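A closer look at the structure
What follows is the residue order along each chain.
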Amino acid sequence: MPSRDYYDILGVAREATKDEIKKAYRKAALRDHPDRNPGDAEAEERFKQAAEAYSVLGDVDRRSRYDRFGQEGVRGAATPDFQADVFADFADILGGMFGFDMGFGRSRRQGPARGASLQYQLQLDLEQAISGVEAEIRVRRKRTCEACDGGGSASGSGASVCEVCGGQGQVQQRHGFLTIARTCHRCGGYGQVITDPCDRCRGAGRAAETTTLKVKVPAGVDTGMRLLLRGEGESGVRGGPPGDLAVQIEVRDHPRFVRRGGDLYTRVPVSFPRLVLGGQIEVPTLDGEAASLQVPAGVQSGDVLSIRGRGMPSVNGNRRGDLKVTLQVVTPRAVGRRERELLEELEELLPTPEELEDSTSWWDRLRSVFG
Ligand SMILES: [Zn+2]
Ligand SMILES: [Zn+2]
């Protein structure tokens, strides 16, 4: 069979970077891995070809020889140090994801393993974030089987030595010039098998279940924060400890309040006369009752007033931010005759906007500060 071009096999351009080649190989290896395609001879062939192509293109020296002389340049040279190199990359790339163990004849019996840690995305409203909440989350996870108490055996007699690998947990397979040590399919690498598997977990010792967990979310949480529930991930195997459950917080945007650190910002509509004369206004808050706010006479539209301690609490302390209220003048879109007369008269009486601006502008204040 004529050899295909290594670049074609990995589907990369001739000028591909080392990184691109590695990525392409990783993709091919994951897709065509024998563990994922049991009994598929074509996938296995592609897998081997990709490994061979990568053993050349993944190495600067061999690649340049291949580029100059083609197959001839790398023939023979590929064999001696081929295994060690490719396996080093394999280990890095496949990382035992599919039980593709890199042992060179070494016994790799699998011992206790920690359960997988899980993540859960929890969305909250800003109201819930300010007050704290006990949220209920539904998690699907593998937990220790209750029927067999995790032992996997129906009678409780336990496991016996695997007849396929003789307790080694792995078997050697030759693929052409490659010898691959693969996890034993019979015992899954454990070296022991359960001959009377439990009905519920089929001998795995763990079974998938969907559980509702209560999560106490403290007041003040913000997007990006994570609550770690230790031991609430998947149960370990063969006596290993359980993984954790990380609850990732995401606080939804609120239509009326914006959070910046500990402070909340909101905008309140105020009438023109109220701004001029001052007085009490009611400000809606996030945590229940409206707050009343004293507006001093003569404030400007756009000025920000603070209501102390009505912002967000901090998760780990008693500090609380402020509620920052932007006052915004709202004007009637249309007025009656009487209102019109009064407003026209008022405009006559009041200083011009320019004069008002001069007396109140930040520029003036700035000038007075710097003398
Ligand atoms: Zn069971
Ligand atoms: Zn076995």
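A short tour of the structure in this document, coming up. Counting restarts for each chain: residues are numbered from 1 in the order of the written sequence. The naming scheme follows written order: chains are lettered A onward, ligands numbered 1 onward. Owing to the predicted nature of the model, reporting of local features is limited to residues with pLDDT of at least 70; listing and counting of side-chain atom pairs is limited to 80 or more, with chain, interface and lining totals taken over all residues. Values reported for side chains reflect all heavy atoms of the structure, with hydrogen atoms and water molecules removed beforehand.

Some points on the overall build of the chain
Where we set the bar: Strands here are runs of E lasting at least two residues and helices are runs of H or I lasting at least four, both read from the DSSP assignment and numbered beginning at the N terminus. Type-normalised accessible area, obtained with a 1.4 Å probe on protein chains alone, sets the label of each residue: buried when under 20%, exposed when over 50%, and partly exposed for intermediate values. Should any heavy atoms of two residues lie within 4.5 Å, those residues are considered in contact. Where accessible areas are quoted, they stem from the Shrake-Rupley method and a 1.4 Å probe; at the residue level, only the protein chains shown are allowed to cover.
Along its length, the chain carries 11 helices and 15 strands. The proportion of buried residues among the 371 residues of the chain is 37%. Long-range pairs, those at least 24 residues apart, make up 64% of the contacts in the chain with a sequence separation of at least 6. Taken as a whole, the chain presents about 22,400 Å² of accessible surface, with 49% of it coming from carbon and sulfur.

Notes on the pattern of salt bridges
Side chains that carry opposite charge are capable of pairing whenever their charged atoms lie near each other. Counted only if it meets this: Put simply, a salt bridge is a Lys or Arg side-chain nitrogen that is within 4 Å of an Asp or Glu carboxyl oxygen.
Using the criterion set out here, one finds 17 salt bridges in the structure. In this structure, Glu163 engages Arg186 in a salt bridge whose closest nitrogen and oxygen atoms are separated by 3.1 Å. With Glu163 in the loop between β3 (160-161) and β4 (170-175) and Arg186 in the loop between β5 (178-183) and β6 (192-193), this pair connects stretches of sequence that are 23 residues apart. On the accessibility criterion, Arg186 (37% relative accessible area) is partly exposed. With its nearest N and O atoms 3.5 Å apart, the salt bridge here joins Asp222 to Arg259. Highlighted residues: Asp222 in the loop between β7 (206-217) and β8 (226-229) and Arg259 in strand β10 (residues 258-260), separated in sequence by 37 residues. On the basis of relative accessibility, which here comes to 25%, the residue Asp222 falls in the partly exposed class. Classification of Arg259 by relative accessible area gives buried; the value is 18%.

Quick look at unusual backbone geometry
With phi around 60°, Asp149 is a residue other than glycine that occupies positive phi space. Inspection of the secondary structure assignment puts Asp149 in the loop between β2 (133-144) and β3. Given a relative accessible area of 67%, Asp149 falls into the exposed group. Phi is positive for Arg202, which is not a glycine, with a value near 55°. Along the polypeptide, Arg202 turns up in the loop between β6 and β7. Look at Arg202 and you get exposed, because its relative accessible area is 74%.

In short, the description is geometric, and any link to function would need to be established separately.
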